[in-house]
Amino acid sequence: MLAPRKLISSTHPTLHFAHPTLESFIWNNIIRAHVQSAARSAALTPVSVYRRMRSHGVIPDFHTFPFLIQCFNSPPHLLPGKQIHAQTLFFGLDCHQFVQTSLINMYSCCGRLDLAHQVFDEIVHPDLPSWNSIINANVKVGLVRLARNLFDLMPERNVISWSCMINGHVRCGEYKEALALFREMQMLEVDSVRPNEFTMSAVLSACGRLGALDQGKWAHAYIDRSGMKIDAVLGTGLIDMYAKCGSIERARWVFNNLGLSRDVMAWSAMISGFAMHGRGQESLQLFSKMKKIGMRPNHVTFLGVLCACAHGGFVGEGNEYFRRMTEEYGLAPLIQHYGCMVDLYGRAGLIEDAWNIVKSMPMEPDVLVWGALLSGSRMHGDIDSCEAALKKLIELDPSNSGAYVLLSNVYAKMGRWKEVRDVRDLMETKGIKKVPGCSLVELEGILHEFFVGDESHPESQEIYMMLDEIMNRLKIDGYVGNTSEVLLDLEDEGKELALSRHSEKLAVAFCFLKTKPGTSIRIVKNLRICRDCHVVMKMISRVFNREIVVRDCNRFHHFRGGLCSCKDYW
């Protein structure tokens, strides 16, 4: 039996009703208002409004539950979400399309993809929003293959479908697949699948990750041609894309033209862009300008600032910004900020200070923190710290080949070849494979990949012949291979051969074959550039008058006239 009807308390500012019964659409609006309200009353939640609605004998309709289900959006909400699902069954509304789509989203947000799939599978004829919801549910948990299979089965698609799938590929690191799908989308030329701002944000992210500058420029031109407003979101995407593609001046141009649309994320993207390009002073100057106009920095901003200090060797400034972050802005450092400080001290050879940061962290150090300590220790030959950091890395990530390789390089640098072999044997015993060096270049919108020692390219013979010509010319100018960090215990000739096959050298030789003299070369490498390749790139930039931009896993290196933007500090 329903509870006696009574007036809703007039003490709540939202509700002032005198009639004992209310139409469902009014109650639906009240529920929706409470779901959308940023400051919900603890005493009157959407669920409690729904209960009052029922106590007044008002029957919910197909609009009621889509509003109500929206408030169940995290794992702790699973049980009440199931209870509301039961209510949809009780009132026979579970077969309504709006309700079904809402249930898929709810179970996805609550971490129960299996229940989301169960709801979807029970739909006799899924509509477009239901398809989009189940695809997005799989994308959110990283099941991009399953999402793509569903996408391929869809009887029809709209811009949401395409954008969600493109974004899914980007989130899972499948950047080439994302761009290929975008090109397929472009060929349809249907208004319902015309790319929007969300699509282009994902495309820009893919271009930035790949370092595909030509494709990024085309995406920028498409945004302009389509009449899309370059707001803070798209502007930040463009800044980030150009910075990651090695064109920091274009990034600056976009930033300057955003004008009043610049928000904290746009400022942070530009600050981080300067930092990764080794322009630390400009990064810090921009931060000062940001403060002067009253823009409050956030965690991302300070991450860019601390990276600028680490890459520039600004130890004093880094200490000051790290202090001000907490004391002046009330921002508790995240693990990434502690990692930057470890990196800052490690690069500067202040290994003890780096250890102090590690010991003072309020959270357990992660792989990146130990990796920063390992890298700094290795750079300055602190074998004890290298070994200690390596043990922690192995505990956290037993398959981390990079840690083993770094330690092997330390032993090789010291001529301790027995230890090098021991590390190599340990890797073989555990089945750990060294991640091969890979370099990527873009020519005329096409991406070309080169791996260390690669002979799979159809023009491999010509590439190696060109590389031999380049290296012979450099030897005339005084080049001597830096073989101190070659992993294997080889004779000098074998070490030089191993060095000559590094992927970035193959990429440069390919660009020499395919581009005119004086053309800039842009390379994206998956690993840290080695010292020998760094020397070679500097010499090539001087001897052949070529600008070379290399983005490795740490930062950008701009080689011009025999010098590098990192000032040999990386």
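Residues numbered from 1 in each chain as written. Predicted model: local features only at pLDDT ≥ 70, side-chain atom pairs only at ≥ 80, totals over all residues. Heavy atoms only, no water.

(A) Expanded view of unusual backbone geometry. For Glu444, which is not a glycine, the phi torsion comes out positive at approximately 55°. Of note, Glu444 is situated in the loop between β1 (438–443) and β2 (446–451). Its relative accessible area of 77% is what places Glu444 among the exposed residues. Positive phi values are uncommon outside glycine, yet Lys567 reaches one of about 55°. (Helix = DSSP H or I, 4+ residues; strand = E, 2+ residues; numbered from the N terminus. Buried < 20%, exposed > 50% of the residue type's maximum accessible area, 1.4 Å probe, protein only.)

(B) Spatial organisation of the confidence of the model for the protein chain. This prediction gives the protein chain a mean pLDDT of 86; 91% of its residues lie at or above 70. Here residues 1–22 scores under 50 on pLDDT; set against residues more than four positions off or in separate chains, the count is 32 contacts. Of the regions scoring below 50 in pLDDT, residues 488–495 engages in 9 contacts with residues more than four places distant in sequence or in other chains. (pLDDT = per-residue confidence, 0-100. Contact = heavy atoms within 4.5 Å.)

(C) Seen up close, the nonpolar core. Within the largest apolar cluster, 140 residues are counted, with the highest numbers of intra-cluster contacts made by Phe65, Ile135, Met200 and Ile239. Counting residues per element, this core draws most heavily on helix α15 (residues 264–276), which supplies 8 residues. Other than its neighbours up to four places away in sequence, Ile239 contacts Ala251, Val254, Phe255, Leu258, Ala266, Ala269 and Met270. Among the nonpolar cores identified, the runner-up in size contains 34 residues, and Ile470, Leu474, Ala507 and Met537 belong to it. (Core = buried A, V, L, I, M, F, W, Y, C linked by side-chain atoms within 4.5 Å.)

(D) Layout of the pattern of salt bridges. The final tally for this structure, using the stated rule, is 22 salt bridges. The salt bridge partner of Asp240 is Lys244, with a shortest N-O separation of 3.1 Å. Of this pair, Asp240 and Lys244 are both found in helix α13 (residues 232–244), 4 residues apart, which corresponds to roughly one turn of the helix. By relative accessible area, which is 25% here, Asp240 ends up partly exposed. Among the ionic contacts, a cluster of salt bridges with common partners joins Glu249, Arg252, Arg279 and Glu282. (Salt bridge = Lys/Arg side-chain N within 4 Å of Asp/Glu carboxyl O.)

(E) Inspection of the packing of aromatic side chains at higher detail. Under the defined criterion, the tally for this structure stands at 15 aromatic pairs. Relative to Tyr338, the ring of Phe322 has its centre 5.6 Å away and its plane inclined at 70°; by these criteria the two rings are edge-to-face. Taken together, the positions of Phe322 in helix α18 (residues 315–327) and Tyr338 in helix α19 (residues 335–347) put the pair 16 residues apart, joining distant regions of the chain. The same class applies to Phe322 as to Tyr338, namely buried. Here the aromatic cluster, defined as three or more aromatic residues joined through ring pairs, consists of Phe287, Phe302, Tyr321 and Tyr329. The ring of Phe512 has Arg546 sitting right over it, with the charged end atom 4.5 Å from the ring centre. (Phe/Tyr/Trp six-rings, centres within 6.5 Å; stacked < 30°, edge-to-face > 60°. Lys NZ or Arg CZ within 6 Å of the ring centre and 35° of its normal.)

(F) Representation of helix α9 (residues 159–171). The end-to-end C-alpha distance of α9, which contains 13 residues, comes to 18 Å, matching closely the 18 Å that a straight helix rising 1.5 Å per residue would cover. Burial runs high along α9: 11 of the 13 residues are buried. Inspection of α9 places Val159, Ser161, Trp162, Ser163, Cys164, Met165, Ile166, Asn167, Gly168, His169 and Val170 among the buried residues, and these make up the whole buried set. The inward-facing, buried residues of α9 contact α7 (128–140), α8 (144–153), α10 (175–186) and α11 (197–210). (Expected span 1.5 Å × (residues − 1).)

(G) Structural detail: the pairing of strand β3 (residues 521–525). Along β3, 4 of the 5 residues are buried, which leaves the element largely enclosed by surrounding structure. Here β1 runs beside β3; their pairing, made up of 2 bridges, is antiparallel. Paired with Ser439 across the strands is Lys525, a residue of β3. The pairing of β3 with strand β4 (residues 548–551) spans 4 bridges and is parallel. Following the sheet pairing, Ile521 is matched in β4 by Ile548. (Pairing = 2+ DSSP bridges.)

(H) Molecular detail of the sheet that holds β4. Spatially, the 6 strands line up as an open sheet ordered β2-β1-β3-β4-β5-β6, and their pairing is mixed. Pairing within the sheet leaves two strands with one partner each, and these edge strands are β2 and β6 (563–564). As paired elements, β4 and strand β5 (residues 556–560) share 4 bridges and run antiparallel to each other. Bridge pairing links Val550 to His557 in β5.

(I) How the structure looks around the packing of helix α6 (residues 113–121) against α7. Viewed as axis vectors pointing N to C, α6 and α7 meet at an angle of 160°, and their least axial separation amounts to 10 Å. The pairing of α6 with α7 is recorded here as roughly antiparallel in orientation. As for the relative orientation of α6 and α7, their crossing is left-handed in sense. When α6 is examined against α7, the residues Leu113, Ala116, His117 and Phe120 are found in contact with a partner set consisting of Ser130, Trp131, Ile134, Ala137 and Asn138. By residue class, the composition of the contact of α6 with α7 is 6 nonpolar, 3 polar and no charged. (Axes fitted to C-alpha atoms, helices over the stretch in contact; angles between N-to-C directions. Parallel < 35°, antiparallel > 145°, perpendicular 65-115°, else oblique. Left-handed = near helix turned anticlockwise from the far one by under 90°. Nonpolar A, V, L, I, M, F, W, Y, C, P; charged D, E, K, R; others polar.)

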